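What follows is the residue order along each chain.
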Amino acid sequence: MKTLKFPDGFLWGTGTSAFQVEGNTPPCNWTKGAEEGFVPEIGQACDHYNRFEGDFDIAQELGHNAHRFSIEWGRIQPSEKKFDADEIAHYRSVIQALRKRGLEPIVTLWHFTIPLWLLEKGGLESSLFPEYFARYCEYVTNELGGTVHYWITINEPLPVANNGWLRGSWPPFKKWWLDTLFKGFGYPGKGDRKRPTGSFLTYLKVRRHLARAHNKAYQLIKRNGRDSSVGIAKHTIYYHSDKNLLNQFCAVFMNWFWTYSFMSHVHKQCDFIGINQYFDKEFGREKSLPKTDIGWEIYPLGLFGALSFFKRYGKPLYVTENGIADATDKSRTLFIRDNLREVHRAIQVGLDVRGYFYWSLMDNYELAEGYTMRFGLVEVDFETQERKVRPSAYEYKKICENNALTVEE
Ligand code: BGC
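Quantities reported herein were computed from a predicted structural model and do not represent experimental measurements.

Peer 1: I tried to follow the overall build of the chain on my own but got confused; where do I start?
Peer 2: In terms of regular secondary structure, the chain is built from 13 helices and 14 strands. Taking 2.2 N^0.38 as the reference for a compact globule, 409 residues should give roughly 22 Å; the C-alpha atoms of the chain span a radius of gyration of 20 Å, in line with that estimate. Structurally, the chain occupies a C-alpha span of about 60 × 55 × 45 Å along its principal axes. Sorting the 409 residues of the chain into buried and exposed places 61% on the buried side. Taking as baseline every contact in the chain between residues at least 6 positions apart, the subset at least 24 positions apart corresponds to 76%. Accessible surface, the chain: about 16400 Å² in total, of which carbon and sulfur atoms supply 52%.

Printed below as a string of structure tokens:
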């Protein structure tokens, strides 16, 4: 047996996002989408808004030393002119609850939900979006400054634009006629609800607004930010190919299109980069690989590939999401172990990876899939809100507590 040690101070934990776990999400693009029948209702979710203390007890018991969560924009800013101090107080107690248990908070300022009032002003398509976003971030980080060191501005800008404006599976459900081209990197829209027409130009505009929003927010946070470190969580797909020239070209192009072309606009305004990684795409792959419940192929080398894209920016890296939908928990332990082997390998070749956040702490509202996909280390019964720790969580616990993974030679 061989022990793969991780660097001292390595952050170990899980991630969640507000609207996927809190319950009673205030009116936003996702609740509107549910009312219109595009996506399942969110409802009570895990009732985490009221049960966060108990959930953090579980995370602590599972040996984690950090936790990533997000703040619900519509709670903080229920209308354009109103910022809600009571909700700030709520998130302050969330942060305190983490700190009390020795869990470092990694706070995402925006994870997919846009308050209704901003949607009425054009949402992400409006050129005012970056300004609104930056002001919201400035308010939150001023109020909570000093209690949080790590801030993530935006979670996964590319899937937001891709699934919302090309594939039609996420708000505002716009579908471009060539959406099949983008099959590899989105969730297909569910049901036969007719979708509004998308356009590639609007998609590109949304991407630009997202990059600007991050950059503006970064500047405002840093202007006031005491000892803070600000980054972005970038969904990353490792595109690669067989030896066929055309396939090689496709892989190079797609890595540029999905990762480098966006990162080139934001990397200078990042103190660290978060990498969310779930699957790869190999052009010319002949045999399909085993799949997770959601249909994503399992290919741990994809995490190594994804991490290696970011070496050029010279910033600390965190795996801010990596996980598997596995209701039976049969494959989760191996998935985590294999992926962590790749993280360790990345560190060995000189990548500055400083943390790993399994997605997710518990089963949650899985976006267009509703409550059917089970990513949690903890199983949730959505009727009774009972939590049950899955066996894989205890395997992950050993790794977190030892700051090391033991493998066969
Ligand atoms: C998102 C999460 C989501 C996960 C699994 C990621 O792309 O950031 O919100 O739950 O994928 O579908």
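Having put the structure on the table, let's press on.
Peer 1: Sorry if this is basic, but what is going on with helix α11 (residues 301-308) here?
Peer 2: The α-helix advances 3.6 residues per turn, and as a result positions three or four apart in sequence lie on the same side. Where burial is concerned, most of α11 is hidden: six out of the eight residues are buried. For α11, the set of buried residues is Gly302, Leu303, Phe304, Gly305, Ala306 and Leu307. Looking at the buried positions of α11, the neighbouring elements they touch are β7 (238-241), β8 (272-276), β9 (280-283), β10 (317-322), α12 (332-348) and β11 (353-359).

Peer 1: Help me out: how do you make sense of a negative patch on the surface in this one?
Peer 2: A cluster of acidic residues, Glu379, Asp381, Glu383 and Glu386, forms a negative patch on the protein surface. Summarising the element assignment, Glu386 is placed in strand β13 (residues 386-389). Take Glu386: its relative accessible area is 48%, and that puts it in the partly exposed class.

Peer 1: In this structure, what is going on with the pairing of strand β12 (residues 378-381)? I would like to understand it.
Peer 2: As a general feature of sheets, a regular strand has side chains that alternate between the two faces. Residue alternation in β12 divides its side chains into a buried set, Val378 and Val380, and an unburied set, Glu379 and Asp381. Where β12 meets β13, four bridges bridge the pair, whose relative direction is antiparallel. For Val378, the partnering residue across the bridge sits in β13 and is Val389. Between β12 and β13, which follow one another and run antiparallel, lie four residues, and Gln385 among them has a positive phi close to 65°.

Peer 1: I'm lost on the pattern of salt bridges in this one. Help?
Peer 2: Under the counting rule described, the total for this entry stands at 28 salt bridges. Residue Arg332 pairs with Asp329 through a salt bridge whose shortest N-O separation is 2.6 Å. Taking the relative accessible area as the measure of exposure, Asp329 reaches 11% and is therefore buried.

Reading the values: rules and limits
- Residues numbered from 1 in each chain as written.
- Predicted model: local features only at pLDDT ≥ 70, side-chain atom pairs only at ≥ 80, totals over all residues.
- Heavy atoms only, no water.
- Helix = DSSP H or I, 4+ residues; strand = E, 2+ residues; numbered from the N terminus.
- Rg over C-alpha atoms; globule rule 2.2 N^0.38 Å.
- Buried < 20%, exposed > 50% of the residue type's maximum accessible area, 1.4 Å probe, protein only.
- Contact = heavy atoms within 4.5 Å.
- Areas by Shrake-Rupley, 256 points an atom, 1.4 Å probe, with all protein chains shown as cover.
- Patch = residues over 30% accessible without salt bridge, like charges linked within 9 Å, V, L, I, M, F, W, Y side chains within 5 Å.
- Salt bridge = Lys/Arg side-chain N within 4 Å of Asp/Glu carboxyl O.
- Lys, Arg positive; Asp, Glu negative; His and termini not counted.
- Charge placed at Lys NZ, Arg CZ, Asp CG, Glu CD.
- Pairing = 2+ DSSP bridges.

So far we have only geometry, and geometry alone does not tell us how the molecule works.
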